[in-house]
Structures are given as C-alpha cells and as structure tokens.
Amino acid sequence: MGQLPAQTPEAAPRGVVGPNAVIQLANALGEVRGADEARKFFVRAGFASLFDSPPADMIDEDIPAALLRMLWDVFPAGEASEIARDAGKRTADYVIANRIPAIAKTTMVVLPTSLSARMLLKAIHRNAWTFAGSGTVKVEARPEFLILIRNKPLTMPDCAWHREGIVS
C-alpha cells in the first residue's frame, strides 16, 4: 500500500479520494460473496484492473461512487448496506491504524474524551480532502460531535459507508 501524497488541503487535487474507498469495498464484498463474485462485480463495473491490482495512490472519486451505486443495483438493499457498512468500518480501521501518528493516539487515550474528540475532529477536518474529494466537510463540536459531508459523489441516501467510521 502506497503512502498518501504529501499535500496540503489547498494543494490537493479536487475530485480524488484515498484508495481504500475501493480496496476495502473489494475486501468487504469478498468477505460476503467470496473473491470470485467480488471480482465479477468489479469486472461488471468496468474496474477489474483495480480489483486485480489494488490502487496505491489517490483515485478519481467517481470510481468508488460508481461501485457503491452499483452495490444497490446488483444486491438486495440490506446486503448492499451491510457490505458498504463493512467497507466503511474497514476503511476507518485502516486510517486509525496507519494514518494517525502513535504519539497522537497515545495522547488521545490519556486526555479526557471531549478533548480527544476535538483533537480527532481537527485531524479529520485537516485531512478531509482524502475522503471528501470534491465535496465539502464541516466538523462541529457542539453537545455532540458532528462530521457533515456535502456535495460528494460517494454520499448516497441510506449508504452506511461513511457512518460506520463515526464513533460516539
């Protein structure tokens, strides 16, 4: 797995997202339907090459958007939602394990929850370009913590991909 490009949000290319949007969807689909069926899904979508050689760099946001839309076209809504939820959880787990520096994780564990959550929200907002693509992200720390993603091709009604990564 390649490292994300070292870019600031201002210099980030618009309309791209991290490769885990595709990689973890393939993994989640493979878990439910098996690797052969997951590959057939990617072939049908026109993205067999991404299944066979998972991307290491940022990808066009339209690719995972098309794959997520196709989930609901091919599978029953409940199954599509479960696959999307699992893909979102896998993506969140990857980010936590690989993109949050160890010192930050250690610091967040010892801080009170409200301060840790604010610290995490700031980091999410600063790095939102990696998952929001051309969309916009707003974070708020009011009584509850909120991450609002708007105008993003991956965001669909009832899609659990983003919700699963949110911790309350």
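Up top is the structure these notes are about.
Described below are features of the structure shown in this document. Nothing here was measured: the structure is a model prediction, and the numbers come from that model.

### Some points on the packing of helix α6 (residues 102–110) against helix α7 (residues 113–126)
Turning to step 1, where the next piece is worked out: Close contact between α6 and α7 brings their axes to 7 Å; oriented N to C, the two are set at 150°. With respect to α7, the axis of α6 lies roughly antiparallel. Contacts between α6 and α7 involve Ala-104, Thr-107, Met-108 and Val-109 from the former and Ser-116, Met-119 and Leu-120 from the latter.
Turning to step 2, where the next piece is worked out: Here the contact of α6 with α7 is built from residues that sort into five nonpolar, two polar and no charged.

### A few points about the packing of helix α1 (residues 20–33) against helix α4 (residues 62–74)
Turning to step 1, where the next piece is worked out: α4 packs onto α1 with a crossing angle of 25° between their chain directions and a minimal axis gap of 9 Å. As the angle between them shows, α1 and α4 are arranged roughly parallel. Pair α1 / α4 crosses with left-handed handedness. Between α1 and α4, the contacting residues are Ala-21, Val-22, Leu-25 and Leu-29 on the first element and Ile-63, Pro-64, Leu-67, Leu-68 and Leu-71 on the second.

### Focus on the environment of Phe-51
Turning to step 1, where the next piece is worked out: Its location among the elements puts Phe-51 in helix α3 (residues 48–52).
Turning to step 2, where the next piece is worked out: With 28 residues separating them along the chain, Phe-51 and Ile-23 place their C-alpha atoms 7.6 Å apart.
Turning to step 3, where the next piece is worked out: When sequence neighbours within four positions are dropped, the list of residues in contact with Phe-51 reads Ala-26, Ala-35, Ala-38, Arg-39 and Phe-42.

### Focus on the pattern of salt bridges
Turning to step 1, where the next piece is worked out: The tally for this structure, following the rule as stated, stands at eight salt bridges.
Turning to step 2, where the next piece is worked out: Residues Arg-33 and Glu-79 are paired through a salt bridge, measuring 2.7 Å at the closest nitrogen-oxygen approach. Placement of the pair is Arg-33 in helix α1 and Glu-79 in helix α5 (residues 77–98), with a sequence separation of 46 residues.
Turning to step 3, where the next piece is worked out: The residue Asp-86 makes a salt bridge to Arg-90 at a minimum N-O spacing of 2.9 Å. Remark: Arg-90 and Asp-86 occur in helix α5; sequence separation between them is four residues, near one turn of the helix.
Turning to step 4, where the next piece is worked out: Relative accessible area serves as the criterion here: at 24%, Arg-90 is assigned to the partly exposed category.
Turning to step 5, where the next piece is worked out: Through salt bridges that share partners, Glu-31, Asp-86 and Arg-90 make up one connected network.

### Details of the packing of aromatic side chains
Turning to step 1, where the next piece is worked out: Across all of its chains, the model carries three aromatic pairs by this definition.
Turning to step 2, where the next piece is worked out: Both rings, one in Phe-41 and one in Phe-75, keep their centres 5.8 Å apart while their planes meet at 25°; by these two values the pair is stacked. One end of the pair, Phe-41, is in helix α2 (residues 35–45); the other, Phe-75, is in the loop between α4 and α5, with 34 residues separating them in the sequence. Like Phe-75, Phe-41 is buried.
Turning to step 3, where the next piece is worked out: Every member of this aromatic cluster is reached through a ring pair, and the members are Phe-41, Phe-42, Phe-51 and Phe-75.

### Quick look at the environment of Ala-65
Turning to step 1, where the next piece is worked out: Relative to the helices and strands, Ala-65 is located in helix α4.
Turning to step 2, where the next piece is worked out: By relative accessible area, Ala-65 is classed as buried at 1%.

Scoring rules and cut-offs
Residues numbered from 1 in each chain as written. Predicted model: local features only at pLDDT ≥ 70, side-chain atom pairs only at ≥ 80, totals over all residues. Heavy atoms only, no water. Axes fitted to C-alpha atoms, helices over the stretch in contact; angles between N-to-C directions. Helix = DSSP H or I, 4+ residues; strand = E, 2+ residues; numbered from the N terminus. Parallel < 35°, antiparallel > 145°, perpendicular 65-115°, else oblique. Contact = heavy atoms within 4.5 Å. Nonpolar A, V, L, I, M, F, W, Y, C, P; charged D, E, K, R; others polar. Left-handed = near helix turned anticlockwise from the far one by under 90°. Salt bridge = Lys/Arg side-chain N within 4 Å of Asp/Glu carboxyl O. Buried < 20%, exposed > 50% of the residue type's maximum accessible area, 1.4 Å probe, protein only. Phe/Tyr/Trp six-rings, centres within 6.5 Å; stacked < 30°, edge-to-face > 60°.

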